Amino acid sequence: MTIKALCVVGARPNYMKIAPILRCMEGNPAFQPTLVHTGQHYDASMYDVFFHDLNLPRPDIWMGVGSGSHAEQTARVMLGFEPVLLEYRPDVVIVVGDVNSTLACTLVTVKLGVPVAHVEAGLRSFDRTMPEEINRLCTDALADVLFTPSEDGDANLLREGIPPERIHRVGNVMVDSLLAALPLARSRSTVGDLGLDPKSYALMTLHRPSNVDSRQDLERLTDLVLRVADMLPLVLPLHPRTAGNLRKLGLLDTWRQAPHLHVLEPQGYLDFLGLMDKSLVVLTDSGGIQEETTILNIPCLTLRSNTERPITVEMGTNTLVGDDMEAVVSHLDTILANGGKRGTIPPLWDGHVAERIVDVLCRHFSPGPPHDGETDVHHD
Ligand code: UD1
């Protein structure tokens, strides 16, 4: 008998987390995986190209929920996912990350009595104004099997009363995708096509609602990007949310026309990885990019006042700069002078995380006598 595993993705940061897990399951006769895309992200630039770059198969099910308020989007995912679950009747649903689709599918699944495995559990920014923090807290409270990327994740879950036997520290699964894609990413010509030399430019991404949804924040960011582009060439692939808000305020052309500022469409996985790998410094408000720069040993200035990924600050190359323009300038000066912060790679971020996840799932969900009742956090 095989384990029927329903794997869920919804938005861009989910794809690099599910791809290695799906690949491992496909090579294992114990599993029968099915891939569901909720359609939270639907633009080709936010979806198609990633499936291609990550060698992901076409989703078996496309729900097409689209954009909306948080309540609308979450509700539409729930409504769309329930019949899928009832039809497929899986042994386990696997959700990744912290997007609205992650929480919505978890809620539906536990209410139908099906076990949920959450990959990237335990991360906490302790900032409940972030929609992702609410998604993380609720998903982890409900999931049956929690895969954490680092020790802080275990500690957060234990503090919240999650039974230790549910927690499995396996490492950061995104690293599996990154290491597999790096040779191809390095061969991309994007940097040269922009007329730039490796290690001569900064790369920036911005999409958090707390940074890009108000006029005041976008005006502050306009000052920041112009100042950075004054110091070194700046490459900036624009998320649709950011582009849309800039357009509404009449600021998009200011950005597009600024000297040394290369405003690009959202990039695919390989092109973005290539851009990151050859950059001198990255500035971002993304979560995953804080981790990817740590792996690539490139200094990252995070334009947020908190992070749910503290290990990237403690061990990696990440520095939180919030909205402090002078801190950004001073860090850039240091980076231009001596390369800036260097770090080490956190334990278990080794490219074999999906194998550990699939092993645990196999032990949990294979038919047969229950395995021994361990009582401590598992280090798989
Ligand atoms: C979502 C995730 C966030 C993740 C980000 C990566 C939540 C709460 N947020 O935020 O954690 O870091 O994805 O991108 O789940 N849009 C398009 N085309 C698309 C998708 C979105 O044009 O394919 C536009 C729409 O105007 C939409 C806006 O972008 O309203 C925001 O999209 P949404 O999925 O709501 O959230 P993100 O900001 O992308």
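The structure displayed is predicted, hence computed values, not measured ones. (Residues numbered from 1 in each chain as written. Predicted model: local features only at pLDDT ≥ 70, side-chain atom pairs only at ≥ 80, totals over all residues. Heavy atoms only, no water.)

1. Description of the overall build of the protein
Here is the rule: Runs of E in the DSSP output that reach at least two residues are strands. Runs of H or I that reach at least four are helices, and both are numbered from the N terminus. This radius of gyration counts C-alpha atoms alone. The globule rule is 2.2 Å times how many residues there are, raised to the power 0.38. Throughout, exposure labels follow a simple rule: accessible area from a 1.4 Å probe, protein chains only, divided by the maximum for the residue type, with under 20% read as buried, over 50% as exposed, and the rest as partly exposed. Throughout, a contact is declared for two residues whenever any of their heavy atoms are within 4.5 Å. Residues scored as charged are limited to Lys and Arg (positive) and Asp and Glu (negative), so that His and the chain ends carry no count. In plain terms, the charge of a residue is placed at NZ if it is Lys, CZ if Arg, CG if Asp and CD if Glu.
A tally of regular secondary structure across the protein gives 17 helices and 14 strands. Scaling as 2.2 N^0.38, a compact globule of 380 residues should have a C-alpha radius of gyration of about 21 Å, and the protein matches this with 20 Å. Along the first, second and third principal axes, the C-alpha set of the protein runs to 65 × 40 × 40 Å. Expressed as a percentage of its 380 residues, the buried residues of the protein come to 58%. A sequence separation of at least 24 residues applies to 69% of the contacts in the protein between residues at least 6 apart. Across the protein, the mean location of the 32 positive side-chain charges is 2 Å away from that of the 49 negative side-chain charges.

2. Describing empty space enclosed by the protein
To keep things clear, this is the line we draw: Using only the protein atoms, space was sampled on a 1 Å grid; points where a 1.4 Å probe fits but cannot get out form cavities, open sets with protein on both sides within 12 Å along at least five of seven lines form pockets, and lining residues are those with an atom within 4 Å of a point. Grid points are joined across faces, edges and corners, and a volume is the space filled by probe spheres set on the points.
For the structure shown, the criterion picks out one cavity of 30 Å³ or more. Every residue along the wall of the largest cavity is listed here: Lys17, Val119, Glu120, Phe147, Thr148, Pro149, Val170, Gly171, Asn172 and Val173.

3. Concerning the site of the ligand
Test applied: Near residues are defined by distance, with any heavy atom within 4 Å of the molecule or strand qualifying the residue. N or O atoms within 3.5 Å of each other form a polar contact, as long as, within protein, one can give a hydrogen and the other can take it, and as long as residues adjacent in sequence are counted only when both atoms are side-chain atoms. Surface exposure here means Shrake-Rupley accessible area, sampled with a 1.4 Å probe, where a residue is shielded only by the protein chains that are shown. Grid points define the cavity or pocket, and a molecule sits in it when more than half of its atoms lie within 2 Å of them. Each residue gets one label: Ala, Val, Leu, Ile, Met, Phe, Trp, Tyr, Cys and Pro are nonpolar, Asp, Glu, Lys and Arg are charged, and the others, such as Gly, are polar.
What surrounds the ligand is a group of 18 residues, the closest being Gln40, His41, Asp43, Glu132 and Arg241. The separation between an oxygen atom of the ligand and a polar main-chain atom of aspartate 43 is 2.8 Å. One of the side-chain N or O atoms of histidine 207 is found 2.9 Å from an oxygen atom in the ligand. Notes on the ligand: free accessible area 740 Å², of which the protein chains cover 84%. Cavity membership is defined here by more than half of the atoms lying within 2 Å of grid points; on that basis the ligand lies in the largest pocket. Those elements that provide at least two residues to the shell around the ligand are helix H1 (12-26), helix H3 (70-88) and helix H11 (240-248). Of the residues that constitute the shell around the ligand, the class distribution is five nonpolar, eight polar and five charged.

4. What to know about the packing of helix H7 (residues 174-186) against helix H13 (residues 269-277)
As a reminder, the rule being used: All axes are obtained by fitting lines to C-alpha atoms, using only the stretch in contact for helices, and the reported angles, taken between N-to-C directions, cover 0 to 180 degrees. What sets the label is the angle itself: under 35 degrees gives roughly parallel, over 145 gives roughly antiparallel, 65 to 115 gives roughly perpendicular, and the rest give oblique.
Contact geometry of H7 with H13 gives a least axis separation of 9 Å together with a crossing angle of 80 degrees. The orientation of H7 with respect to H13, classified from their angle, is roughly perpendicular. Contact with H7, carried on its side by Met174, Ser177, Leu178, Ala181, Leu182, Leu184, Ala185 and Arg186, involves Tyr269, Leu270, Leu273, Gly274 and Asp277 of H13 and no other residues of that element. Of the residues assigned to the contact of H7 with H13, the class counts are nine nonpolar, two polar and two charged.

5. Re the nonpolar core
Put simply, the rule reads: Throughout this description, the term nonpolar core refers to a set of buried Ala, Val, Leu, Ile, Met, Phe, Trp, Tyr and Cys residues connected via side-chain atoms within 4.5 Å.
Formed by 59 residues in total, the largest nonpolar core has its most connected members in Met25, Leu56, Ile94, Phe147, Leu273, Ile357 and Leu361. Not counting the four nearest positions on each side in its chain, leucine 361 is found in contact with Ile3, Met25, Phe31, Ile94, Ala117, Phe147 and Ser366. Of all hydrophobic cores here, the second largest spans 32 residues; its members include Met204, Ala243, Leu283 and Ile335.

On their own, these measurements won't tell you what the molecule is for.
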